[in-house]
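# Chain and residue survey
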Amino acid sequence: MRRTPLYLAIAFASFGAVPAIAAAQSGQPAATDENNATELESVVVTGSRIPRATIEGPAPVTVITADDIRAKGLATAYDVVRSLTQSTGSVQTQQFQGFTPGAQQVDLRGLGPSYTLVLLNGRRMADFPLAYNGQSNFTDIANIPVSMIERIEVLTGSASAVYGSDAVSGVINFILKKKADGSTLNYRIGDTSDGGGFSQRLQMTTGGSIGRLDTLFGVEFYKQDPIFQYQRSFQDSLNDDPSLNGRAAVPSRVFLRWNPATLRYIDPGQATCDALSHLDRGTLDYSFRPNRGYYCGSTEALYGTVQNERENGVGYAALTYHLTDDTRLYLDYQAAHTRAKFGGGPNFWGYTGSGDNAFINADTGTFEAWQRIFTPEEVGGLDAVLDYNRDTTRSLTTGIEGQLGAWHYDAGYSHSSFTMVQAHRAILSAEADRFFLGESEGVDEETGYDIFRPDVSRLYRPLTVAEYNSISRFTPIRGRTRAESFNLTVDNGELFSLPAGDVGIAAVAEYGTQSYSMQIDPDVLNNRYFSWTGTGGAGSRSHYAVGAELRVPILSTLSLTPAARYDSYRFAGHSTGKATQSLGLEWRPLDSLLVRGSAATSFRAPDLHYVFAGPSGAYYTLTDYYLCRSRQPDVPYSDCDFDSVSVKGTRSGNRQLDDETGKSFTYGFVWSPLPEFDLSLDYYDIRLDNAITDRSLDEILSKEADCRLGRTEGGTVVDINSPTCQQVLALVNRNPADALINPGQIAGADTYPINAASLRNAGIDATVNYRLETARLGDFRFRFNYTGVLKYTYQQFPGDDEINVRDDRGNNNLRSKVSGSVAWTLGPVTTTVFGQRYGSLPTRDQSGRYGPTMTYNLSADYRINDRARIGLAINNVRNTPPHRDNTNSTYPYYDQFQFDPIGRQYFLEFAYRFGGSAER
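Source: prediction; values computed, not measured. (Residues numbered from 1 in each chain as written. Predicted model: local features only at pLDDT ≥ 70, side-chain atom pairs only at ≥ 80, totals over all residues. Heavy atoms only, no water.)

## Digging into the nonpolar core
Our working rule: The term nonpolar core refers to a set of buried residues drawn from Ala, Val, Leu, Ile, Met, Phe, Trp, Tyr and Cys, joined through side-chain atoms within 4.5 Å. Here's how the labels work: a residue is buried when its accessible area is under 20% of the maximum for its type, exposed when over 50%, partly exposed in between, all with a 1.4 Å probe on protein chains only. Only DSSP runs of H or I covering at least 4 residues are called helices, and only runs of E covering at least 2 are called strands; the numbering of each starts at the N terminus. By the convention used here, residues are in contact when the closest approach between their heavy atoms is within 4.5 Å.
Grouped together as the largest cluster of nonpolar side chains are 51 residues, with contacts concentrated most on Ile69, Ile141, Ile149, Ile152, Ile172 and Phe174. The element best represented in this core is helix 3 (residues 77–82), accounting for four residues. Once residues lying within four places of it in the same chain are set aside, the contact partners of Ile152 are Thr62, Val63, Ile64, Ile69, Val80, Ile172, Asn173 and Phe174. Among the nonpolar cores identified, the runner-up in size contains 27 residues, and Leu279, Ile427, Phe435 and Leu463 belong to it.

What follows is the structure, given as structure tokens:
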């Protein structure tokens, strides 16, 4: 085996030889003398299947070790991934109570969670049962036990030629510990400065070797309290709105009665609201909205969670039996059960017998509409406001690995499943209508509206818990996903020799199946619940793939890594196949310099929910182009009365979807002029064609206006009888033109996923590492990471204008992200300062940008003796709140897809090792 170049060689005293890339990417020291250089054993890392001593290869790979995670104060697998500068995309955090609350996603390069392949011990995981944003499947990393992680390998850039579908923007491989030396007990306690979020984590591992059997058994228990919106001072009131400029906020309309024909509120009177003032934690009062009137409301009724309540238990076992010195049987098993509670705030009700919530009051002879927001005092406390998830995940990998002559082989089977029940307490429309309005006295023949003779006092009387329970119930969603595969890999690092060295090869064959099922309450689809929608679906697919990868030394300083793979999927009665290729280059003109590059094709098969999704609904804020152009043709859309209208959209899957295809390029270098210093700089360029996207409702409404008016805004004639127009008109539902209320306005619109979009994302990644050793002051390690997005464009349909997503003022992805750390070790003490800088984001009014934002974590680790260690971590040391946008008048007044409001956190950790060899 050839000796590894000095600038890559690294050995850990307690673990022996590890991938050399850990030295370049984690800030570990390089060897200071050639005599101390360590020959690295052959290993397989995420970037390649070929065993190679010199790991730093043609594509950038980042390795994050367990020590890195602890030093940076990162509490969860999600925290680790979000700390990567390549994680520039916006994701649905815990505070976003949308389609997948409780789940945690990965989004490299801002392309979306479904474009990053997530592996556990090198194997695919079952998807989260619910669809991200109600659209696509993704991998949830919330149940990966961070205390059992040995390292995380991150490959950025397309890797379809090695790993197949989904590896478009990169691969993240979570590698858990495989072997234990004795038993370890680890206990961590955490809390926040501003209230809520208290947490505890207990982790225990044990194992060792019994003859030919190596074992590791581990369990982790985790408990976390919720944090509610009102527990953070910068978002505990609607008066925190930074755009108010000294004006008072309009309170939430907790008890409201109005005339929908005139939009005027019906005054309940001061005394009525005073009698309700004990509600909403004593904040409800007699409120006024300009141009509308009086009602009973509160500016403090904010009970949504910004951090979930969570209880989690994980068990993990790794067994390895050495049949011979060259052959081993292995089995890894993980099971996790989680209970999470979360909520977006209290439920509310309005009459559902008409599209505009209006009815005719027989006593007044006028149109009326009523609204109630239910307070914690009525529903049984804050806990009763919350929804819940209960999920169970299981993962099994077993196989045999060994050596046959010069060939290494690994034949394995893996199975992964995810089952869950999610429940939301929803208002039963018919029961609530009857409770507040009584029985209908019939239908007005002229208008078609229901007639009621309601008791107004019923609206303004607090409910008892029993009454609330009588008009509401939990609506379950039951989901299950499964993934299983059979894999065979063979490799030979010395297939044959060339003058410049040995040619290596790796080959893979895979067969697998996937399935998912989302079963929602049938009453959701039947619209029995007030303002509550859902999506269901079920389907499966099978998959096979074959591929090979070579490493060919052309010169002593130049090598190529070509790879090719063919994947085939069968689903919904048809099959699709795609070949992908990649070529990597490594040139070492100097021992201290690596120049590298890669080019690859990629593909992504349409995921199951895109194909098999059942009808689902969601509410969108859109522009009604038809009414704006026909009724207010001289008014800009932003000032039109029909701008920002709420539209209920319905979406279904598309079984005719095709593969997404793409290309990826990387160019860069790694330079280590000194053993203590290294620098890497890489350019990446990802291009995706035929991308799956939902047909835009905005585009549908724009074309609908063209069709109804017979011309485009530019004056081009449009035929309303054309197939395109007939299709668009069938997707938009409107109220009758002669309706007394909201005539001609949109009642609903339909959409579906299509292959159409093209996008391109390009930028640079940079890393600098430096180590300074002193005789008296200890050792210092400096690390700097930078990712800058240079180009991000999107085109929905061929021929459309290309949208500059990078600079678009509706884009929530970061244009740049920086992280850096300084670690100081003196004797038994190691301290680390880790900082992150988030680049600017667009203002809500799209007038400019605001930012950047910086946060810092501080950790200190003290090794008491060879077996005991204690650590303290303070995250967000300065208690920096989310960067608020002064033009954002939408609660919570900051970008909740990039920032969290948790604030300063404290973690105290104690670890002790029993038996085995002492830690060094």
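Moving on from the model shown.
## Considering the pairing of strand 34 (residues 677–694)
In plain terms, the rule: Pairing between two strands requires that DSSP report at least two bridges joining them.
Note: strand 33 (residues 660–674) against strand 34, 12 bridges, orientation antiparallel. Opposite Val670, over in strand 34, you have Ser680 as the bridge partner. Between strand 33 and strand 34, which pair antiparallel one after the other, the connecting turn spans two residues. Relative to strand 37 (residues 753–774), strand 34 runs antiparallel, the two being bridged by 16 bridges. Note that in strand 37 the partner of Leu679 across the bridge is Val768.

## Thoughts on the state of the cysteines
We apply this condition: Sulfur atoms of two cysteines make up a disulfide when they are within 2.5 Å.
A complete count under the given rule lists three disulfides for this structure. At a sulfur-sulfur separation of 2.0 Å, the disulfide partner of Cys273 is Cys296. Disulfide Cys273-Cys296: torsion about the S-S bond near -90°, hence left-handed. Placement of Cys273 in helix 5 (residues 270–274) and of Cys296 in strand 15 (residues 293–298) is noted, with a sequence separation of 23 residues between them. In this structure Cys273 comes out as buried when scored by relative accessible area, which is 0%. Judged by relative accessible area, Cys296 falls into the buried class, the value being 0%.

## Here's the deal with helix 14 (residues 697–709)
Put simply, the test is: Multiplying 1.5 Å by the helix residue count minus one yields the expected span of that helix.
Over its 13 residues, helix 14 runs 18 Å from end to end, which matches the ideal 18 Å to within 8%, given 1.5 Å per residue. Among the residues of helix 14, Leu697, Glu699, Ile700, Leu701, Glu704, Ala705, Asp706 and Cys707 are the ones counted as buried. Directly beyond the C-terminal end of helix 14, a positive phi value near 80° is found at Gly710.

## Concerning the sheet that holds strand 4 (residues 116–120)
With mixed pairing, five strands are arranged side by side in an open sheet as 3-6-7-4-5. Two strands close off the open sheet at either side, each with one partner strand: strand 3 (61–65) and strand 5 (123–124). Bridge analysis of strand 6 (residues 149–156) against strand 7 (residues 170–176) gives seven bridges, and the strand direction is antiparallel. Counterpart to Ile152 in the pairing with strand 7 is Phe174.

## Quick look at helix 8 (residues 429–437)
In terms of burial, helix 8 is a largely internal element, seven of the nine residues being buried. Among the residues of helix 8, Ser429, Glu431, Ala432, Asp433, Phe435, Phe436 and Leu437 are the ones counted as buried. Following helix 8 by one or two positions, Gly438 has its phi on the positive side, about 80°.

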